[in-house]
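Breakdown of the fold
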Amino acid sequence: MTQIIDGSTFTGAADSQAAIEQPREDVVLSSVVSPQEDAPSSDTTDSAASADLETTPATVVPEAETPPPISAFAAFGLRRELLDGLAAIGFEEPSPIQKAAIPELMLGRDLVGQAQTGTGKTAAFGLPLLERLDAGQRTPQVLVLTPTRELAMQVAEAFNSYAACMKGVKVLPIYGGADFRDQIQHLRRGVQIVVGTPGRVMDHMRQGTLDLSGLRSLVLDEADEMLRMGFIDDVKWVLEQLPAERQVVLFSATMPSEIRRISQNYLKDPAEVTIRQKAADGRRIRQRHLVVNGPQKLEALERVLEAEGSEGVIIFARTKAITLTVAESLEQHGYDVAVLNGDVPQTQRERTIERLRDGRVNVLVATDVAARGLDVDRIGLVINYDIPFDGEAYVHRIGRTGRAGRSGEAILFLTPRERRFLGGLERAVNQPIEAMEVPGNASINQHRLDRLRQKLTTALQQPVCNPEERALLGEILQRVALEQSCSPDQLALAALELGLAGKPLLLQGEERWGQSRPGAPTRERDRDRGDRDRERSGDRRPFSDRNQERGEDGPEDNMERFRIEVGWRDRVKPGNIVGAIANESGLAGRSIGKIRIFDAHSTVDLPKGMPEEVFADLRRLRVMNKELQISRLGS
Ligand code: AMP
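Anyway, here's the lowdown on the structure attached to this text. Owing to the predicted nature of the structure, the values given are computational and were not obtained by experimental measurement. Counting restarts for each chain, with residues numbered from 1 along the sequence as it is written. Given that this is a predicted model, residues contribute local features only at a pLDDT of at least 70 and side-chain atom pairs are listed and counted only at 80 or more, while totals for whole chains, interfaces and linings are drawn from all residues. Side-chain metrics rest on all non-hydrogen atoms present in the structure, leaving aside hydrogens and water.

Thoughts on the overall build of the protein chain
Working definition: helices are DSSP H or I runs of at least four residues, strands are E runs of at least two. Numbering for both runs from the N terminus. When helices and strands are counted, the protein chain shows 26 helices and 23 strands. A burial count over the protein chain gives 49% of its 635 residues as buried. For the protein chain, the share of sequence-separated contacts (at least 6 apart) that also reach a separation of at least 24 residues comes to 75%. For the area figures, the Shrake-Rupley method with a 1.4 Å probe applies, and any residue is considered shielded solely by the protein chains shown. Here the protein chain displays about 30,500 Å² of accessible surface, and carbon together with sulfur accounts for 51% of that area. Accessible area is worked out with a 1.4 Å probe on protein chains only. A residue is then buried under 20% of its type maximum, exposed over 50%, and partly exposed in between. Contacts are assigned to residue pairs with any non-hydrogen atoms lying within 4.5 Å of each other.

Quick look at the structure:
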């Protein structure tokens, strides 16, 4: 019998009050497993079949009255110490998966749960297994297998927190990369609950240092991840070594056929529970894509980070080499970046994740394998710098954001040739992945100004220096003001400029990012060739500036194009330019032609044959408090 529950991703204890978005709305009892909207199965046959079955009429059992907080956990028959432990960590009401799974597991039944991280699945198996624990037995009674070390540590911590008020419960995480002898010592001293990755667990079993003869329950957590990571034979091997009388619990976000086979072959008449994600949960992650030529990806990435930058960013790249290239480039642009790839040793990996978690590092560049199971709440943006291999990988990647009740953003980079894969990914998440443009200068510059204003406000509200240091800084200000006889405004401006640390405040160059036809490879080649030619001729101005100044549409026959040294960064508008030139030159406003505003300069088309003295006056003319320094384009 399967219980299909309309659930929602369950948020962390920190937001636990807001966490339980919707208590269970209905429990559907039927003999089918519904597809997981948020995390589709990799097995297309399965998902197609279950999509059909979705329409099968099912019995709807009306929801019972929601009991008052905490007594809801007490109603499961959990012992006092566990209830106290739950109260201490702020769990008030069980999540849908807990409501469905705990009673079954308390009876000692096997169980298959289709649910992913964030639904509260750890407590769903952790609480009943702790309840059934015999504190007097010193050999392991519960073994939890997890695909990653991070998850192993997380699950072990969760067990410890639930059992905080129980006496004599020992939980041990064991995973590769950690000291083997240390683990042996702990095992010798006696542990009841072992949480580990398959490889290390097997090593201990083979060496006889992990005695599973008294094992009562085995949990396979994130079984589909274990399959994806190639651990499935190890898992089967472990299953085969267990005592015949044991309880097996299998949790998996998706149900590929291999995982179903395990459940059929190794579980006895299991209860089945499926958390059906509400469509809205998937939409908590805003997903967009942009199309960019390969050679421009790095620049596009920097632009996206500048304009969309958020608290906590993970950038997914396809290879180790790309993670390094990307990280180096971002580092040069002043980002706190860390890399997570297969070459990073385990100890460093844990430190990196910790630094990401507490904000010392804000951007992580990772490969898929290295970032599996990564669970950091503060990730606000996932960038798929390289397209993932399939829909399932895409779902896992974007699932690194939008955690613990927060909203998240996901941006997918596609080269023009990869555009054809977009449909497949959209089907995998069952929603459109909106198109976006690579951010142009205007939005990046606006973002920079906003950020500066925000930083200034924060600095005013939360000074970083102590009072003595502030007094010294005040003295410096007074002294400079006196020596230079400048106003407080001038001083403040100089201090702000100092804070830029030599970096330009605004982006220079063309107004928009040149990618109106990202698909045109010839344009790229032309552009490259053009760059080389200009190198030879010694012209180091950006290609785009020259191209646009001349304009594909040059000035009309009777007009000439001029360059003036005032631009977007001076906040100039065409009206300012027309007004000033018309006043000074006596030209009628309507005879002033096309005006284009660039970042630091503009171009203006004026009638041919301007007298030299008018030209000289225009050179000194000031607009937005800057001399126009007018020059003939190409002269
Ligand atoms: P999990 O799916 O087990 O990784 O749990 C996701 C998050 O929800 C974790 O931070 C848990 O601590 C939290 N959590 C699980 N169950 C509850 C509950 N009943 N009340 C509040 N928070 C919970």
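From this point, the discussion proceeds with the structure in view.
Details of a nonpolar patch on the surface
A grouping of Leu-473, Ile-476 and Val-480 is seen on the molecular surface, where their side chains present a nonpolar patch of about 240 Å² in accessible area. When you line up the elements, Ile-476 lands in helix α21 (residues 467–484). On the basis of relative accessibility, which here comes to 51%, the residue Ile-476 falls in the exposed class. Here, patches come from residues exposed beyond 30% relative accessible area and free of salt bridges, joined within 9 Å for like charges and within 5 Å for nonpolar side chains (Val, Leu, Ile, Met, Phe, Trp, Tyr). Any Lys or Arg side-chain nitrogen located within 4 Å of an Asp or Glu carboxyl oxygen qualifies as a salt bridge.

Here's the deal with the pairing of strand β7 (residues 193–196)
By the alternation rule, side chains of β7 split into Ile-193 and Val-195 and Val-194 and Gly-196, which are all buried. Two strands pair when backbone bridges link them, and strand β5 (residues 142–145) and β7 are joined in this way by 4 bridges, in the parallel orientation. Counted as the bridge partner of Val-144 is Val-195 from β7. Across 4 bridges, the pairing between strand β6 (residues 171–174) and β7 is parallel. Paired with Val-171 across the two strands is Ile-193, which belongs to β7. For a crossover, the right-handed case is the one in which the path from the first strand over the helix to the second runs clockwise, viewed with the strands pointing away from the viewer. Read from β6 through helix α8 (residues 180–189) to β7, the crossover connection turns out right-handed. Pairing between strands is defined by DSSP: at least two bridges between the two strands are required.

Re unusual backbone geometry
Among all residues save glycine, negative phi is the norm, and among peptide bonds the norm is trans. A positive phi angle is found at Asp-269, which is not glycine, with a value near 40°. Within the secondary structure, Asp-269 is located in the loop between α12 (257–266) and β10 (271–277). Unusually for a residue other than glycine, Ser-485 sits at a positive phi of about 35°. Secondary-structure assignment places Ser-485 in the loop between α21 and α22 (488–499).

Focus on the pairing of strand β15 (residues 381–384)
Alternating residues of β15 divide into Leu-381 and Ile-383 and Val-382 and Asn-384, and every residue in both groups is buried. Alignment of strand β12 (residues 313–316) against β15, held across 4 bridges, turns out to be parallel. Bridging across to β15, Val-313 finds its partner in Leu-381. Sheet topology places β15 next to strand β16 (residues 408–414); 4 bridges connect them, and they run parallel. Along β16, the bridge assignment pairs Asn-384 with Leu-412.

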